[in-house]
Amino acid sequence: MLEINFIEANQEHVINLLTSRQLKNAAELVAHAITINKERKITQQAYDLVASKAKEVSKEIEQLLKTGQKDAAEARKADSMQFKDALKKLDTGLKQHQKDLQETLYNIPNLPHAGTPIGKDEQDNKIISEVKPLPTAAANTLPHWELIEKYDLIDFKLGNQLAGAGFPVYKGKGARLQRALINFFLDEARAAGFEEIQPPILTNATSAYATGQLPDKEGQMYQLAGEDLYLIPTAETPITNLYRGKILPKQTIPIQHVAYTPCFRREAGSWGKDVRGLNRLHQFDKVELVVITLPSLSYPTLETMRQYVEGLVTKLALPYRVLSLCTGDLGFTSAATYDIEVFSIGQDRWLEVSSISNFETYQTHRMQTRYKEADGTTHLLHSLNGSALALPRIMAALLELNYDGDKITMPKILTKYLDFECIR
RNA sequence: GGAGUGGUGGCCGAGUGGUCGAAGGCGCUCGCCUGGAAAGCGGGUGUACCAGUCAAAUGGUACCGAGGGUUCGAAUCCCUCCUACUCCGCCA
């Protein structure tokens, strides 16, 4: 979340940037946060003063008791009781202010980076690059859901039987292809210097707040009945939270992790052709990159991550384009985001397979993830993450593009991961 | 799941009601010593908030797993929760 001192010192700037991302009540939220913070400071000062006096009295009582002045000590106790009552009220007020401030800040999204295109919604996202010319559909081109059925790669009906819509069952070569892709992505990331992690796929509310899934995505996560646990919507949540509350030595930075996990999303409100086949699922696999680095390095890192992900889709020989998300389409916690979309020839549309974001200090402030300078001062780090990649849509684009009416030919790069060259 | 014992600073570890943000050691760091190093000697070494300042120095408050409670006063006593270890049970 944003730092209150920064908001206070840059009110106009903050309001303008928040407004640019279509936040309606930016001025109101900012004013509210500043007011609460002022009250908080006043209360804190009062509390500290009274607490200090109460301590003094306690020490006096101690001395009186030691020197045998029992009556005098008893008299001082009465004074101390008064301080105690006052402190209790002040403490309640202070906690309330702190809570109010935190809740207000929780509901203020990140500020867009200067390079982020200004825009209202996804229509205004800027196309950075696009592979041309796009492959053209042949007479025998099919959408992936038909190929999946034709070759018995994935069974949605069985998924319905086991869990419900959006929980596909991968079978035979379908399952093996998916596993091959996961291994390919993990190996590539490792070669690029990312350390592999296998995290829990359940997360507690504290972690979900720290990375910003809560309160923003409340209702999009599956929650376990009677438990303070959620199924992770992305590996970003557990991996980034590895560093919650840590002050890292400078030489360990940057932190670079890769993790393969299933991801779970309720996708409430989604419908229509968007959810056909593999386009949108409640459970899907994803390989995710997380980087925690110095503020001065985070934007170069964002570019490096983008190039890395472009390299993956290139190796899979999939036509793709890169979008820079506009202010109106930016995720709640992000300052700058690139989306990588692959072309689905069977659907004649683009499918988002990666989202690469720089959160600057938004997450690290909530997490209190810092580093120590040589002069002993501590500073917040920057966090980034990016999908590399989301499996189902890659699978969809891959099957459609490589189908020639007779068979589906596997990409060359997967040779060492598969013991079959094509699906017939 | 049952029974028991614990959770203290970067790490180890003392501390069972006051002078304890916390002994001691290790680590790290600065200085001395040395041709250089080791050893030795001396100093420093948590975080947050508030006040203060150009910045600092400095002062105040809070924090000994988390949250409540008792008390003039809590790392220390009580309650709840989390968690680790040992034994038993169960088990991939």
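Note that the structure is predicted; figures quoted are calculated from it, not measured.

Chemist: I tried to follow the overall build of chain A on my own but got confused; where do I start?
Modeler: Along the backbone of chain A there are 12 helices and 17 strands. Looking at chain A as a whole, 49% of its 424 residues are labelled buried. Only carbon and sulfur atoms are counted for the fraction: they give 51% of the accessible area of chain A, which is about 20,800 Å². Chain A carries 49 positive and 52 negative side-chain charges, and their two centres are separated by 2 Å.

Chemist: What exactly am I supposed to notice about the domain arrangement of chain A here?
Modeler: Assigned domains of chain A: these are domain 1 (4–106) and domain 2 (122–423). Taken together, the five residues of domain 1 in the interface contact 10 residues of domain 2. Interface area for domain 1 against domain 2, summed over the two sides, is near 630 Å², with a carbon-plus-sulfur share of 49%. Its residues assigned to classes, the side of domain 1 that touches domain 2 comprises two nonpolar, two polar and one charged.

Chemist: How should helix H2 (residues 11–20) be read in this particular structure?
Modeler: Two residues of an α-helix separated by three or four positions point the same way, owing to the 3.6 residues in each turn. All of the buried residues along H2 are Val14, Ile15, Leu17, Leu18 and Ser20. Where H2 is buried, its residues contact helix H1 (4–9) and helix H3 (26–66). Two residues or fewer past H2, Gln22 is found with a positive phi of approximately 70°.

Chemist: Before we go on, may I ask you to explain the side chain of Lys286 in this structure?
Modeler: On the secondary structure map, Lys286 appears in strand E9 (residues 283–293). On the accessibility criterion, Lys286 (4% relative accessible area) is buried. Within the structure, the side chain of Lys286 is placed 2.9 Å from the side chain of Thr234, a separation counted as a polar contact. Those residues within four positions of Lys286 in sequence are excluded, and the remaining contacts are Thr234, Ala235, Ala259, Tyr260, Thr261, Cys263, Arg265, Ser387, Leu389, Ala390 and Leu391.

Chemist: What is the right way to read the nonpolar core from this model?
Modeler: As a rule of thumb, soluble globular proteins bury nonpolar side chains together. By size, the foremost hydrophobic cluster in this structure holds 58 residues, and its most contacted members are Leu177, Leu181, Phe185, Leu316, Val342, Ile394 and Leu399. In terms of residues, this core owes the most to one element, helix H7 (residues 172–191), which gives eight residues. Excluding residues within four positions of it along the chain, Ile394 makes contact with Leu181, Phe185, Val313, Leu316, Leu318, Val342, Val353 and Leu389. In terms of nonpolar packing, the next biggest core, distinct from the first, is built from 22 residues, Ile15, Leu23, Leu101 and Leu105 among them.

Chemist: It is not clear to me how the packing of aromatic side chains should be interpreted in this structure. Could you clarify?
Modeler: The geometry of an aromatic ring pair is captured by two quantities: the separation of the ring centres and the angle between the planes. According to the stated counting rule, one finds eight aromatic pairs in the structure shown. Judged by centre distance (6.0 Å) and plane angle (45°), the rings of Phe194 and Tyr308 are tilted. A residue pair is termed long-range when its members are at least 10 positions apart, and Phe194 in the loop between H7 and strand E4 (195–197) and Tyr308 in helix H10 (residues 298–315) qualify at 114 residues. When the ring of Phe332 is compared with that of Tyr362, the centres are 6.3 Å apart and the planes differ by 85°; the resulting orientation is edge-to-face. Here the residue Phe332 occupies a position in the loop between strand E10 (320–324) and strand E11 (336–344), and Tyr362 occupies one in helix H11 (residues 362–367), the gap between them amounting to 30 residues. Accessibility classification places Phe332 together with Tyr362 in one group, the buried group. Clustering of aromatic rings is evident, with ring pairs tying together Phe184, Phe185 and Tyr417. A cation over an aromatic ring shows up here: Lys173 above the ring of Phe420, its NZ or CZ 4.8 Å from the ring centre. Note that Arg306 overlies the ring of Tyr338, its terminal NZ or CZ placed 5.2 Å from the centroid.

The rules behind these values
Residue numbers restart at each chain and count upward from 1, following the sequence in its written direction. Lettering for chains starts from A, numbering for ligands starts from 1, and both go in the order in which the items are written. Where totals are concerned, whole chains, interfaces and linings use all residues; where local detail is concerned, this predicted model gives features only for residues with pLDDT of at least 70, and gives and counts side-chain atom pairs only at 80 or more. With hydrogens and water excluded, all non-hydrogen atoms of the structure serve as input to the side-chain values. Here a strand is any run of E in DSSP of at least two residues, a helix any run of H or I of at least four, and the numbering for each starts at the N terminus. Per-residue accessibility, obtained with a 1.4 Å probe over protein chains only, is compared with the maximum for each type, and a residue is labelled buried under 20%, exposed over 50%, and partly exposed between these values. Computed with a 1.4 Å probe, the accessible areas rest on the Shrake-Rupley method; for each residue, only the protein chains presented here act as cover. The charge count treats Lys and Arg as positive and Asp and Glu as negative. His and the chain ends do not count. Every charge is mapped onto a representative atom, which is NZ of Lys, CZ of Arg, CG of Asp or CD of Glu. The split of the chain into domains comes from an automatic or database domain assignment. By definition in these notes, contact holds between two residues if any of their heavy atoms fall within 4.5 Å. By definition, the buried area sums, over both parts, the 1.4 Å-probe accessible area that each loses when the two are put together. Three categories are distinguished: nonpolar for Ala, Val, Leu, Ile, Met, Phe, Trp, Tyr, Cys and Pro, charged for Asp, Glu, Lys and Arg, and polar for the others, with Gly belonging to the last. Definition of a polar contact: a pair of N or O atoms within 3.5 Å, with one able to donate and the other able to accept a hydrogen when the atoms are protein atoms, and with sequence-neighbouring residues admitted only if both atoms are side-chain atoms. For the purposes of this section, nonpolar cores are sets of buried Ala, Val, Leu, Ile, Met, Phe, Trp, Tyr and Cys residues that join through side-chain atoms within 4.5 Å. Pairing of aromatic side chains requires ring centres within 6.5 Å, counting the rings of Phe and Tyr and the six-membered ring of Trp. Pairs whose planes differ by under 30 degrees are stacked, by over 60 edge-to-face, and all others tilted. The criterion is that NZ of a Lys, or CZ of an Arg, lies within 6 Å of the ring centre and within 35 degrees of the ring normal, and then a charge sits over that ring.

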